[in-house]
Amino acid sequence: MKRLVALTLAACLALASCRAGAAERTSRQTAHAAERPNIVFVLTDDLASNLVPYMPQLQRMQREGTTFTHYFVTDSLCCPSRSTTFTGKFPHDTGVFTNSGADGGYRAFNAHGNQRNTFATALRSAGYRTAMMGKYLNGYQPADPVPPGWSEWDVAGDGYPEFDYALNENGRVVRYGHRPSDYLTDVLNRKGQDFIARSARAGQPFMMELATFAPHGPFTPAPRDAARFPGLRAPRGPAFNEADMSDKPAWIKDHPKLTAKQINKIDTSFRKRAQAVQAVDKMLGDLQAALKANGVDRDTYLVFGSDNGFHMGEHRLTQGKMTAFDTDVNVPLVVTGPGVAAGHQTSALAQNTDLCPTFETLGGVKVPDAVDGRSLTPFFTGDTVKDTRDAVLVEHHGPDNAVNDPDRPTRASGNPPSYEAVRTAHEVYVEYADGEREYYDLAKDPDELDNTVSRVPAERLARLRSMLHRLEKCSGTACR
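Just so we're clear, the structure is a prediction, and the values are computed from it rather than from any experiment.

This next bit is on helix α12 (residues 458-471). Between its first and last C-alpha, α12 extends 20 Å over 14 residues, near the 20 Å set by a 1.5 Å rise per residue. Restricting attention to buried positions, one finds in α12 the residues L461, L464, M467, L468 and L471. In an axial view of α12, the angular spread of the buried residues amounts to 120°, which keeps them on one side of the axis. For α12, exposure combined with an orientation more than 90 degrees from the buried face picks out A458 and E459. Contacts from the buried residues of α12 go to α4 (91-94), β13 (392-396), β14 (419-423), β15 (427-432) and β16 (437-441).

Encoded structure:
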């Protein structure tokens, strides 16, 4: 009997020890995950806020996480914006202002040494598996080499049509055709899920950027979505086909009112854009499901954003971008993950300069002094953050007349000259290279209809000009 009691006691002690050991291991793993979380970044192309109502999975992310309502891009143009996102630097510090030529595109990005100083190079040096899938930078071709910092590379050149493209798959060029299964957004979706599964098995923290070409023109939807939203029209806000343009700068003030034919084309394009983002929205749901199926959902931050917005009829402009209007520079940014407040909205001014330092901070990497942005992690918890910025900078080189640029605008879509703009919580002030200026009081005029630069009090205008001129020359910590 004594022997039985002894055995029983020993078994209980062993079981307790095992449970304690398991609990300790789980605690260590949880702590390790908190220190080295995974990051999945979905970056869309030309996705404006007016498409969010057609994306139920993105709306689910908003309910489960935090939305940055005042998130802006440094330039409403693909390559300058993406260069900023990779490096955390303004265009005046990356040297990338356009999509091609001496001051833009993939070649300019490399010529300034930016490829060696991205969040990918920082995180990979810190032991992360890093994956880049989809669209990289304008001018990159599948035959070009894999840039430093990426352990997995599945990147296209011209993927805008969504079919009949090639991918550089880890240094090997693979061509895709026109079958439904070749639809590029779906291919990226499958590759992303596979990368999550392999990374989870490897037990190594990972960072993946999935950069879709959707909903960029020609606005090609997945075949299964091509009949969605019959009769859908573009939103008709107060700025749509604006009544009075006499106060606007010269590049836009003489635009005639939109014709019925132009409005019909805008409506058709908006419907196709809504159809095209269905595959992106499906991707968000599929990625979340893959994270959960592989047991890493609680250790992963999912970040959704866009490289720039898109105007469609506002201020008499047909479809396009590149302006300093909020339609073009204020885009969605939604984050879910460990410790992120659910259903929270923050109006703190944020910018795509902030994504690189945010990813580096999450990965436990020291943010380099040369980075212009600041980490957004303090805003994830929903707590009040006192140390916030007063303004963000938007800078653009134009007009854009490059024949080979997929974003080359028509006159009707708007092609502004070079400008620098400063955006505060309630104001926007723009200085053009030709000397013209714009000012909108967004508290009174959220649709930017009335350019009141001639009526701004001198003291206020001087403060805005001082902000602008400081930011347009800043570098590193001075920008924060």
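Inspection of the entire model under this criterion finds 26 aromatic pairs. Here the aromatic rings of F68 and F379 are separated by 6.3 Å at their centres, their planes lie at 75°, and the arrangement is edge-to-face. Here F68, found in strand β2 (residues 66-68), pairs with F379, found in the loop between α11 (355-362) and β13; they are 311 residues apart in sequence, far enough to count as distant. For the pair shown, F68 and F379 are each scored as buried. For the ring pair Y106 and Y140, a centre distance of 5.2 Å and an interplane angle of 90° mean the geometry is edge-to-face. Of this pair, Y106 sits in helix α5 (residues 105-111) while Y140 sits in the loop between β4 (129-134) and β5 (152-156); the two residues are 34 residues apart in sequence, bridging distant segments of the chain. Every member of this aromatic cluster is reached through a ring pair, and the members are F41, F86, Y106, F109, F119, Y136, Y140, W150, W153 and F359.

Residues separated by three or four positions in an α-helix point in the same direction, a consequence of the helix having 3.6 residues per turn. Taking burial as the measure, the eight residues of α11 include seven buried ones, the bulk of the element. Those residues of α11 that sit buried are L355, C356, P357, T358, F359, E360 and L362. One or two positions beyond α11, positive phi appears at G364, with a value near 75°.

Inspection of the secondary structure puts H255 in the loop between α8 (250-253) and α9 (260-293). When sequence neighbours within four positions are dropped, the list of residues in contact with H255 reads R316, L317, R411, A412 and G414.

All right, on to the sheet that holds strand β10 (residues 333-336) then. Taking strand neighbours across the sheet as the criterion, the 10 strands line up as β7-β6-β5-β4-β8-β1-β9-β10-β2-β11 in an open arrangement whose pairing is mixed. Sheet topology places β7 (172-175) and β11 (344-346) at the edges, where each strand pairs with a single neighbour. Averaged over neighbouring strand pairs, the angle between their axes works out to 15° when direction is ignored. As defined by bridge partners, strand β6 (residues 166-169) adjoins β7 across four bridges and the pair is classed as antiparallel. Bridge pairing in β7 places L167 opposite V174. Strands in contact with α9 are β1 (38-44), β8 (206-211) and β9 (300-306); relative to β1, the strand with the most contacts, it is inclined by about 175°. The sheet contacts of α11 involve β1, β8, β9 and β10, and relative to β1 the element is tilted by about 165°.

Moving on to the pattern of salt bridges. Overall, the coordinates contain 26 salt bridges when judged by the stated rule. In this structure, R198 engages E152 in a salt bridge whose closest nitrogen and oxygen atoms are separated by 2.9 Å. Of this pair, R198 sits in helix α7 (residues 184-202) while E152 sits in strand β5, and the two are 46 residues apart along the sequence. You can call E152 buried: its relative accessible area is 11%. Because the salt bridges share partners, they merge into one network encompassing D45, R82, K135 and D307.

Between two cysteines, a covalent bond joining their sulfur atoms is known as a disulfide. By the definition in use, this model includes one disulfide. The disulfide that involves C474 links it to C479, with 2.1 Å between the sulfurs. Its S-S torsion of approximately 105° makes the covalent link between C474 and C479 right-handed. Each of the two residues, C474 as well as C479, counts as buried. C78 supplies the cysteine sulfur nearest to C79, a cysteine that is in no disulfide, at a spacing of 8.2 Å. Judged by its relative accessible area of 0%, C79 is buried. Looking at the unpaired C356, the closest cysteine sulfur is the one in C479, lying at 13 Å. For C356, a relative accessible area of 1% translates into the label buried.

Quick look at the layout of surface pockets now. The gaps of empty space that remain are located by a probe, the size of a water molecule, rolled over the atoms. Roughly 470 Å³ of internal volume is contained in the largest pocket. A class-by-class count of the residues in the lining of the largest pocket yields nine nonpolar, nine polar and six charged.

Attention now moves to the confidence of the model for the protein. Within the protein, residue pLDDT values average 93, and 93% of them lie at 70 or more. Every residue in residues 1-33 is under pLDDT 50, and counting partners more than four places away or in other chains gives one contact.

Criteria and cut-off values
Residues numbered from 1 in each chain as written. Predicted model: local features only at pLDDT ≥ 70, side-chain atom pairs only at ≥ 80, totals over all residues. Heavy atoms only, no water. Helix = DSSP H or I, 4+ residues; strand = E, 2+ residues; numbered from the N terminus. Expected span 1.5 Å × (residues − 1). Buried < 20%, exposed > 50% of the residue type's maximum accessible area, 1.4 Å probe, protein only. Arc of directions from axis to C-beta. Contact = heavy atoms within 4.5 Å. Phe/Tyr/Trp six-rings, centres within 6.5 Å; stacked < 30°, edge-to-face > 60°. Pairing = 2+ DSSP bridges. Axes fitted to C-alpha atoms, helices over the stretch in contact; angles between N-to-C directions. Salt bridge = Lys/Arg side-chain N within 4 Å of Asp/Glu carboxyl O. Disulfide = S-S within 2.5 Å. 1 Å grid on protein atoms, 1.4 Å probe; cavity = no way out; pocket = protein on both sides within 12 Å on 5 of 7 lines; lining within 4 Å. Points joined across faces, edges and corners; volume = space filled by probe spheres on them. Nonpolar A, V, L, I, M, F, W, Y, C, P; charged D, E, K, R; others polar. pLDDT = per-residue confidence, 0-100.

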